[in-house]
Each structure stands twice: as C-alpha cells, then as structure tokens.
Amino acid sequence: METKTHTVHFTLGENFGRIIVKIAREHLTMNLNPNKALSAIQDSLVGCPRDIALKILSGELIITTDKDKVSVNVSKYTPDMKDLYPPFYIEEWAGQQILNMREDAEEWINALNHLRKAIIDADGEFKITVSYDRLLRFFYDGDSENLIDPFMDGSEDNILANIKTTINGVRKFSEMAFKKMAVIEWLGKAYPGEIPDGFVMPYQVRDLNTQLTTLLFDDKSVKQEIARRNYRFDLLDRFLQSERDIAKTLNNGIIQPVEITDNYDAGWLSPSGDFYGLNGEYANMLHIQIADALLQARVIPNEVDCNADVWLEEKGWVKIHGDIIHYDGYSQKPMVRITEKQREQLVRYGNVCHRGFLKFGYRFNQISMIMFSSIEPLMLGKLFEL
C-alpha cells in the first residue's frame with residue numbers, strides 16, 4: 001500500500017521572539033535553572049552562540065519575526081521598544097530576591113519561636129497514637145513517612161501538624177534560598193558588573209538555619225540552653241585551636257606544598273599538581289588563608305588586582321574541602337580546563353581519603369574515581385555546571 005504524504009506549511013507569529021524570551025526568563029527566575037533558560041533560546045535559534053543568547057535573555061538584543069514569517073532577526077534593543085520588549089533588570093531582580101528572602105526568613109523565625117515555646121510548654125514530649133497497620137508497615141518496610149498522622153494527635157491546637165508544617169516549610173525555604181543565591185551568583189558571572197558586591201545571603205537566612213538546628217536538641221528549656229551553650233563553646237574552642245595551629249603552620253616560614261593524601265580539611269590544587277592544605281573549621285576561612293599565604297610567598301603575583309582566592313579560581317586552581325571539589329575554570333574566558341596532573345592528584349585523593357568517591361560542583365555530583373579518571377577531558381566541565 002502506497003504511503004500518502006502531505007505538505008505542511010507553517011508560519012511564525014509576530015510574538016514568536018517574545019514568547020521564547022518569556023519562557024527563558026521563567027526558567028531563570030521561577031524554575032531557577034540558568035542552563036534551561038539559555039537552552040530555551042539556543043534550541044529555538046539553532047546555531048545561536050552563548051554570548052548572543054545571554055544578550056537576548058537580558059533584553060540587550062531582541063528577536064523579531066521577518067516579513068517572510070519563517071525566519072527571525074536579532075537586533076539591538078532601543079528604549080522605545082520597552083513596552084513590547086521589556087528588558088530584564090538583573091540588579092533589580094536580584095535585589096528583590098534578597099529582600100524577599102530577608103522578609104520571609106524573619107517570618108519563619110517567628111514561626112520557629114512559636115514552635116519552640118509550644119515544645120517547651122509540652123515539656124518536650126508528646127503522646128502519639130499510631131494505627132496498627134501503619135506500625136506494621138513501618139516494621140516491615142521501614143516506611144516512616146506515614147507512620148504518624150499529624151492531624152490525629154488529639155490536642156486542641158494540633159501541635160504535630162504545626163511541627164510538620166513549620167519544619168518542612170523552613171527546609172523548603174532554605175533550599176529555595178540557596179538556589180536563588182546560586183542563580184544570583186551565575187548572573188554575576190554571566191553579566192559582569194550587574195550584581196553588586198553586597199548581594200550576599202541575608203543573615204536572617206543563616207539565623208533561621210541556626211535556630212532550626214537548635215530544635216534538634218532535647219527541648220526542655222534548661223537542657224536546650226545547656227546544649228546550645230556547650231555547642232557554641234565547642235565551636236569557639238575548635239575555632240581558636242585551629243587559628244593557633246594555622247598561625248603556627250604559616251609562621252614557620254613560606255607555605256609549602258603538602259601531600260594531598262594526608263587528608264587536610266581544605267586546600268588548593270595547582271595546575272601543576274602541587275597541593276597546599278590546612279586543617280581547621282569552616283569559620284577559619286581556610287581557603288582564604290591559604291590564598292593569602294600563597295600571595296605572600298609570591299606564588300601569586302603581588303601585582304594582581306583582585307583577591308588572592310579569586311585569582312586562584314580564575315587561573316585554574318582546584319578548590320578542595322573534604323570530599324567536595326569546586327572548579328571555576330570552565331566558566332572563565334578563555335576557558336581553563338583541569339590538567340591531567342590535577343586529575344591524577346584528585347583520583348589519588350579520592351581513593352585514599354574518601355573511599356573512591358568525590359562530590360563535584362555546587363550540585364555535589366558524586367562519582368567514583370574510576371569514572372572520573374575515564375571521563376573525556378572535554379566533558380569534565382559538565383561536572384561543575386550550576
């Protein structure tokens with residue numbers, strides 16, 4: 001039987017360009033996915049380079065449909081086009097997100113304070129009734145998600161439902177806040193000069209996470225205060241001891257490369273494979289201290305016009321903290337790829353210190369050293385994409 005064929009004709013509407021840009025910006029500002037935002041443009045305009053797609057996304061360039069209704073033109077934005085082609089004001093959007101995060105965090109802090117009071121009032125204990133079928137499923141397959149029905153605790157104010165709603169709400173808000181800050185950081189790199197230096201994670205978000213951590217302690221008020229105080233003192237003691245150890249190490253002379261498999265808490269790995277490491281806490285800002293020491297040792301030229309740690313990132317040094325590996329070279333112009341010396345050192349480090357696995361980039365992509373050593377050089381950059 002002969003197959004029938006039909007000819008299909010199509011045309012592009014005048015709104016084609018605006019629709020593509022709208023979809024791309026939704027990926028960026030609502031889905032918080034910069035890569036999908038650029039893909040929405042580049043997949044629609046086959047062959048469109050990244051720099052052009054970035055300008056289209058920001059509104060510096062606009063897409064218009066040609067008279068033939070089957071092709072498009074890309075032209076420079078002018079102020080008289082504002083109504084039809086509104087620009088994406090990067091600094092304004094980022095500033096509004098930070099403001100929203102600050103205000104939302106304050107509301108969640110208030111919710112945690114009310115929750116803490118309710119828990120203290122209950123002496124930190126709750127009598128819960130569990131239905132037999134849920135209990136049996138829990139013992140059979142470990143399904144704890146539905147073990148307790150928070151709406152059947154029997155109390156007038158339904159404290160279990162409040163606990164679940166608040167804790168889940170804080171967790172989801174914190175995850176969203178970190179995603180937004182990742183997008184703001186991406187915008188700062190993609191559009192140099194558009195994001196002011198002061199656009200950082202609001203302290204209210206950090207305070208919120210601190211207060212949530214506090215609730216993990218035994219919640220009788222006295223025990224809670226003791227546990228919180230001891231925790232702070234322990235952090236302070238470890239911080240001060242680390243500062244003394246770091247000062248002793250750096251004051252012994254010019255910073256020297258160390259063996260990467262000695263499992264330092266943090267360090268920088270040079271393109272030639274030399275590793276410089278220190279032990280200490282997050283609060284000791286180990287990477288910055290190492291970078292400053294490298295500057296004093298003239299490993300970093302004294303005439304650099306940026307922070308020492310920024311210079312290391314731009315020049316292709318690998319940033320290591322425990323089993324987490326960060327690398328910024330693939331976002332530089334021109335691109336700076338990881339060297340084979342660095343890869344060999346990372347494989348040794350992962351195998352000896354972390355059971356053959358490391359986490360890469362801000363997505364914490366965990367892969368084995370067997371797989372890492374076999375990835376094609378051109379594909380290594382995928383591990384560090386946002």
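To keep things clear, this report deals only with the structure shown in the data block. Since we're looking at a predicted model, the values are computed, not measured.

**What to know about the overall build of the protein**
When you go through the protein residue by residue, the secondary structure sums to 12 helices and eight strands. Counting all 386 residues of the protein, 37% fall into the buried class. Sequence-distant contacts, at least 24 apart, represent 55% of the contacts inside the protein between residues at least 6 apart. Of the accessible surface of the protein, which amounts to about 23,800 Å², a share of 54% is contributed by carbon and sulfur atoms.

**Some points on the sheet that holds strand β7 (residues 357-360)**
Reading across from one edge, β4-β3-β5-β6-β7-β8 is the order of the six strands in this open sheet, with mixed pairing throughout. The open sheet terminates on both sides in strands that have one partner only, identified here as β4 (275-278) and β8 (365-368). Between one strand axis and the next, the sheet turns by 25° as a mean value, whatever way the strands run. Pairing geometry for strand β3 (residues 266-269) and strand β5 (residues 318-321), over four bridges, is antiparallel.

**Details of the packing of helix α2 (residues 34-44) against helix α3 (residues 50-58)**
Look at α2 against α3: their axes get within 9 Å of each other, and the N-to-C directions meet at 105°. One finds that α2 runs roughly perpendicular with respect to α3. Residues A37, L38, I41 and Q42 of α2 form the contact with α3, whose own contacting residues are R50, A53, L54, I56 and L57. Looking at the contact of α2 with α3 residue by residue, the classes come out as seven nonpolar, one polar and one charged.

**Comments concerning the nonpolar core**
Grouped together as the largest cluster of nonpolar side chains are 46 residues, with contacts concentrated most on L28, I41, I56, L57, W186, L187 and Y191. For this core, the elements supplying multiple residues, two or more each, are α1 (16-29), α2, α3, β1 (61-65), α4 (90-121), α6 (159-190) and α7 (203-214). Considering each element in turn, this core owes the most residues, 12 residues, to α6. Leaving out residues up to four positions away in the same chain, L28 has contacts with N33, P34, A37, L57, F88, V183, W186 and L187. In terms of nonpolar packing, the next biggest core, distinct from the first, is built from 23 residues, L269, I320, Y327 and I375 among them.

**Some points on the packing of aromatic side chains**
All chains considered together, the criterion is met by eight aromatic pairs. Consider the rings of Y327 and F384, whose centres lie 5.8 Å apart with planes at 55°: the pair is tilted. A residue pair is termed long-range when its members are at least 10 positions apart, and Y327 in the loop between β6 (324-326) and α11 (340-353) and F384 in the segment after α12 (369-374) qualify at 57 residues. In this structure Y327 comes out as buried when scored by relative accessible area, which is 7%. Relative accessible area serves as the criterion here: at 10%, F384 is assigned to the buried category. When the centroid spacing of 4.8 Å and the interplanar angle of 25° are considered together, the rings of F360 and F372 count as stacked. Here F360 is found in strand β7, whereas its partner F372 is found in helix α12, with 12 residues between them in sequence. Like F372, F360 is buried. The structure contains a cluster of three or more aromatic residues connected by ring pairs, namely Y327, Y330, F360, F372 and F384. Above the plane of the ring of Y85 lies R18, whose end atom (NZ or CZ) is 5.5 Å from the centre.

**Brief notes about a nonpolar patch on the surface**
A grouping of I128, V130, L135 and F139 is seen on the molecular surface, where their side chains present a nonpolar patch of about 340 Å² in accessible area. Looking at the secondary structure, you find F139 in helix α5 (residues 132-141).

**Regarding α11**
Over its 14 residues, α11 extends 20 Å from the first C-alpha to the last, a length consistent with the 20 Å expected when each residue adds 1.5 Å. What α11 keeps buried is the set Q342, R343, Q345, L346, V347, Y349, G350 and C353. Packed against the buried residues of α11 are β3, β5, β6, β7 and α12. In the segment just after α11, R355 is the residue with positive phi, at about 55°.

**Focus: the environment of M30**
The topology assignment puts M30 in the loop between α1 and α2. Residues M30 and K180, 150 residues apart in the sequence, show an inter-C-alpha distance of 9.5 Å.

**Let's talk about the pattern of salt bridges**
Using the criterion set out here, one finds eight salt bridges in the structure. Notably, a salt bridge pairs K382 with E385, separated by 3.5 Å at the nearest N-O pair. By relative accessible area, which is 33% here, E385 ends up partly exposed. Through salt bridges with shared partners, a single network forms among E185, K189 and D328.

**A closer look at the side chain of S58**
Following the sequence through the fold, S58 ends up in helix α3. On the accessibility criterion, S58 (11% relative accessible area) is buried. Discounting chain neighbours no more than four positions away, the residues touching S58 are R25, P87, F88, I90 and Y191.

**Digging into the pairing of β8**
Side-chain positions along a regular strand alternate between the two faces of the sheet. Pairing geometry for β7 and β8, over four bridges, is antiparallel. Along β8, the bridge assignment pairs F360 with N365. The antiparallel pairing of β7 with β8 creates a hairpin that spans four residues between the two strands, and G361 there sits at a positive phi of about 75°.

**Overview of helix α9 (residues 286-296)**
Here α9 has its buried residues at L286, H287, I290, A291, A293 and L294. Looking straight down α9, one finds that the buried residues subtend no more than 160° of arc, so they occupy a single side. R298 sits one or two residues past α9 and shows a positive phi near 65°.

Here is what the cut-offs are and how they apply
Residues numbered from 1 in each chain as written. Predicted model: local features only at pLDDT ≥ 70, side-chain atom pairs only at ≥ 80, totals over all residues. Heavy atoms only, no water. Helix = DSSP H or I, 4+ residues; strand = E, 2+ residues; numbered from the N terminus. Buried < 20%, exposed > 50% of the residue type's maximum accessible area, 1.4 Å probe, protein only. Contact = heavy atoms within 4.5 Å. Areas by Shrake-Rupley, 256 points an atom, 1.4 Å probe, with all protein chains shown as cover. Pairing = 2+ DSSP bridges. Axes fitted to C-alpha atoms, helices over the stretch in contact; angles between N-to-C directions. Parallel < 35°, antiparallel > 145°, perpendicular 65-115°, else oblique. Nonpolar A, V, L, I, M, F, W, Y, C, P; charged D, E, K, R; others polar. Core = buried A, V, L, I, M, F, W, Y, C linked by side-chain atoms within 4.5 Å. Phe/Tyr/Trp six-rings, centres within 6.5 Å; stacked < 30°, edge-to-face > 60°. Lys NZ or Arg CZ within 6 Å of the ring centre and 35° of its normal. Patch = residues over 30% accessible without salt bridge, like charges linked within 9 Å, V, L, I, M, F, W, Y side chains within 5 Å. Salt bridge = Lys/Arg side-chain N within 4 Å of Asp/Glu carboxyl O. Expected span 1.5 Å × (residues − 1). Arc of directions from axis to C-beta.

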